[in-house]
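This is what each chain is made of:
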Amino acid sequence: MTQDREPGFDTLAVHAGAAPDPATGARATPIYQTAAYVFDNVDHAAALFNLETFGNIYTRIMNPTEAVLEERVAALEGGTAGLAVASGHAAQYVTFHTLMSPGDEFIAARQLYGGSINQFNQSFKKSDWRVVWADADDPSSFEAAVTDKTKAIFIESLANPGGVVTDIEAIGKIAKSAGVPLIVDNTLATPYLCRPIEHGADIIIHSLTKFLGGHGTSLGGILIDCGTFDWLASGRFPTLSEPCESYHGIRMAETFGDFGFAIAARVLALRDLGPCISPFNAFLLLTGIETLSLRMRRHCDNALAVAQWLEGHDKIAWVNYAGLEGSRYRELAKKYCPKGAGAVFTFGLKGGFDAGVKLVESVQIFSHLANIGDTKSLIIHPASTTHRQLTDEQRAAAGAGDDVVRLSIGIEDKDDIIGDLEQAFAQL
Amino acid sequence: MGQIVTNTPTDQPISHDRYNDSYIRGILNDHKTIAMVGASPNPVRPSYFAMKYLMDKGFQVIPVNPGHAGKDLLSQTIYSSLTDIKKTVEIVDIFRNSEAAMAITQDAIAIGAKVVWMQIGVRNDEAAALAEKAGLKVVMNRCPKIEYGRLSGEIAWAGVNTRTINNKRPTLAGGFQHRLIGA
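Note that this is a predicted model, so its numbers are computed, not measured.

### Concerning the overall build of chain A
Helix and strand counts for chain A stand at 18 helices and 14 strands. At 22 Å, chain A has a C-alpha radius of gyration in line with the 22 Å of a compact globule built from 428 residues. Viewed in the frame of its principal axes, chain A has a C-alpha envelope of about 70 × 55 × 50 Å. With 428 residues in all, chain A has 58% of them scored as buried. In chain A, of all internal contacts separated by at least 6 residues, the share reaching a separation of at least 24 is 71%. Carbon and sulfur atoms form 52% of the exposed surface of chain A, whose accessible area is close to 15,900 Å².

Here it is, written out as structure tokens:
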């Protein structure tokens with residue numbers, strides 16, 4: 001028998017998860033703006049509540065517009081299932097709520113988005129989940145941090161604020177030998193540039209707000225179950241492998257097999273914690289994903305051109321972009337992101353703090369704001385904004401020293417992006 | 001990854017590493033009587049979930065479990081073995097381990113079943129070859145509930161990757177939130 005053809009990435013980006021609406025024939029995915037769904041009868045309701053049949057109950061737990069988004073991203077990542085939630089932070093909280101018990105530990109790379117560092121250090125402490133920090137540049141530091149309480153390893157593929165490429169495969173092997181899942185935040189790379197599942201990821205997380213949605217309009221996050229971790233054989237994750245009290249004693253990993261993690265996160269963590277995404281946001285994010293490849297190619301082309309231009313400028317001390325030949329991450333970038341090193345990176349101004357402030361106030365196309373992954377080019381000077389409450393030492397350790405500027409390069413004409421920086425530099 | 005369905009010749013051997021959607025859809029559309037070997041009366045077991053769902057989808061499911069023979073399960077009489085069933089059985093669904101699949105396959109051939117279906121985690125290539133030689137179709141390491149949910153699109157409501165691409169209206173069954181798998 002000849003095999004049916006496998007669709008390519010760009011076809012999945014447009015089609016996966018979607019079909020014409022069965023009631024109306026609408027070809028675009030409808031926004032199912034409803035809180036709840038009518039049952040046929042009591043037996044149907046019971047089967048839904050018992051998870052015996054598939055279907056919608058209440059939009060805190062599931063929604064047909066959001067389901068298209070979940071399948072779309074799962075297909076692009078090559079995973080078994082997805083769960084979309086209110087934000088990337090919510091995706092992380094729901095993920096760890098499913099994995100962790102009080103007193104448990106997980107190991108995370110120090111090179112993470114600052115918001116994740118706060119969430120792990122501060123908020124997770126209230127649930128008695130302890131983060132142990134390791135160095136993404138030194139995989140052996142993860143191995144050294146493993147204890148019998150370790151329940152997961154967490155890394156970013158391309159780390160924010162940029163320039164850092166993590167050796168996913170090396171850290172994945174450490175997770176495997178420790179018997180814990182590897183969680184990869186793939187927000188900056190998107191599945192267009194990097195597919196963590198091919199390098200050992202068990203769970204993938206995204207802030208959909210960034211390049212996947214791509215237009216800076218809508219908050220959203222998602223977790224992807226790669227279907228690669230055997231929760232029953234492990235026995236160390238009771239939410240997955242022990243009888244579940246709120247569903248009459250089913251075991252999530254037994255009943256739902258290789259998509260059991262995504263289901264457990266949905267019907268337990270999301271059900272009880274409540275950070276659901278809105279159907280309208282899901283719709284806008286889905287529309288953005290249809291053009292993911294086109295945008296990412298342009299983002300990466302523009303980012304490389306800007307980084308190369310910056311490298312030669314006399315007011316610039318250094319540029320940290322993994323797409324540059326001189327980057328210490330160049331080899332890792334070739335392995336994990338061969339199509340481009342993303343569009344978020346940092347550079348250093350010879351003029352320090354004052355030059356940073358002057359630059360963000362002098363640009364005319366770049367927007368001065370705290371976000372990344374928009375069609376528009378974005379700029380921020382962390383020392384005077386996101387990291388201003390820290391001491392000088394803390395700022396330096398976080399890669400947010402006085403001289404650091406972070407860019408998220410958009411899809412405008414690259415001559416205009418470079419021209420805007422040129423006129424702003426002339427004012428320093 | 002999903003599948004773009006093409007016209008598929010069926011006169012060549014089936015690969016049991018990856019099935020075409022058209023092959024699975026054909027089996028689930030053409031055969032409506034399933035003998036479920038290893039069906040459990042325990043309502044938290046996967047076999048119970050699968051039996052209940054398939055009955056909701058219009059399949060007649062006959063439970064087979066020697067430990068519970070003669071009792072009722074979801075209003076169906078439990079049989080001790082396949083050879084005790086007097087009715088026509090089209091699909092034999094095996095909720096037992098891979099080793100046990102050989103003897104059950106031999107019984108499936110003996111009673112004239114058309115399909116031997118082994119559940120997720122169950123694979124016996126020797127039994128599969130025997131069944132195919134006798135003219136039966138074989139599916140291994142799959143669940144008919146998940147396949148029905150996947151091909152109908154119902155399972156996508158739970159965020160599951162159906163690995164399908166669809167430019168046709170899904171076919172609705174009666175009531176709310178019930179879909180058919182289409183032709």
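So, next bit.
### What about the pattern of salt bridges?
Side chains that carry opposite charge are capable of pairing whenever their charged atoms lie near each other. Using the criterion set out here, one finds 21 salt bridges over all chains in the structure. Taking the shortest distance from any N to any O, the salt bridge between A:Glu52 and B:Lys52 comes out at 2.6 Å. On the criterion of chain membership, the pair formed by A:Glu52 in the loop between helix 2 (42-49) and helix 3 (64-77) and B:Lys52 in helix 2 (residues 46-56) is interchain, its members lying in two chains. Across the salt bridge formed by B:Arg123 and B:Asp125, the nearest N and O atoms sit 2.9 Å from each other. A network of salt bridges, in which partner residues are shared, links B:Asp21, B:Arg142, B:Glu147 and B:Arg150.

### Remarks on the domain arrangement of chain A
All names here are of chain A. If you check the domain split of chain A, you get domain 1 (9-288) and domain 2 (292-426). Averaged C-alpha coordinates put domain 1 and domain 2 at centres separated by 29 Å. On the domain 2 side, the residues contacting the 33 residues of domain 1 number 34 residues. Approximately 2,800 Å² of surface area, both sides summed, lies buried where domain 1 meets domain 2, with 60% of it carried by carbon and sulfur atoms. By the criterion of area lost to domain 2, the three top residues of domain 1 are Tyr-192, Leu-193 and Phe-211, representing 28% of everything that side buries. At the junction of domain 1 and domain 2, the tally comes to two salt bridges. In this structure, Asp-137 engages Arg-328 in a salt bridge whose closest nitrogen and oxygen atoms are separated by 3.4 Å.

### Looking at the interface of chain B and chain A
On the side of chain A, 52 residues touch chain B, which itself brings 51 residues to the contact. For the pair chain B and chain A, the summed buried area comes to about 4,500 Å², and 54% of that belongs to carbon and sulfur atoms. Applying the counting criterion to the chain B and chain A interface returns three salt bridges. Here B:Arg18 and A:Glu6 are joined by a salt bridge, their closest N and O atoms 2.9 Å apart. Counting across the interface, chain B meets chain A through 13 residue pairs in polar contact (both at pLDDT 80 or more). Elements with a minimum of two residues in the side of chain B that touches chain A: helix 1 (21-30), helix 2 and helix 5 (144-152) of chain B. Per element, the largest residue contribution to the side of chain B that touches chain A is five residues, and it comes from helix 2 of chain B. Here the side of chain B that touches chain A is composed, by residue class, of 22 nonpolar, 19 polar and ten charged.

Cut-offs applied
Sequence order as written defines residue numbering, which begins from 1 separately in each chain. Chain labels run from A onward and ligand labels from 1 onward, assigned in the order the entries are written. For a predicted model such as this one, the threshold for reporting local features is a pLDDT of at least 70, and the threshold for listing and counting side-chain atom pairs is 80 or more; totals across whole chains, interfaces and linings nevertheless cover every residue. Water and hydrogen atoms play no part in the side-chain values, which are based on all heavy atoms of the structure. Secondary structure elements are defined from DSSP: runs of H or I of at least 4 residues count as helices, runs of E of at least 2 residues count as strands, and each element is numbered from the N terminus. Here the radius of gyration uses the C-alpha set of atoms, whereas the globule reference equals 2.2 Å times the residue count to the power 0.38. The cut-offs for exposure are 20% and 50% of the maximum accessible area for each residue type, with area from a 1.4 Å probe on protein chains only; residues under the lower value are buried, those over the upper are exposed, and the others partly exposed. Whether two residues are in contact is decided by their heavy atoms, any of which lying within 4.5 Å being enough. Surface accessibility in these figures is a Shrake-Rupley result with a 1.4 Å probe; residues are shielded only by whichever protein chains are displayed. Put simply, a salt bridge is a Lys or Arg side-chain nitrogen that is within 4 Å of an Asp or Glu carboxyl oxygen. Domains are outlined according to an automatic or database domain assignment. Accessible area that two parts lose when put together, with a 1.4 Å probe and added across both, is what the buried area reports. Nitrogen and oxygen atoms within 3.5 Å of one another constitute a polar contact, given that in protein one can donate a hydrogen and the other can accept it, and given that sequence-neighbouring residues count only through two side-chain atoms. Charged residues are taken to be Asp, Glu, Lys and Arg, nonpolar residues to be Ala, Val, Leu, Ile, Met, Phe, Trp, Tyr, Cys and Pro, and polar residues to be all remaining types, Gly included.

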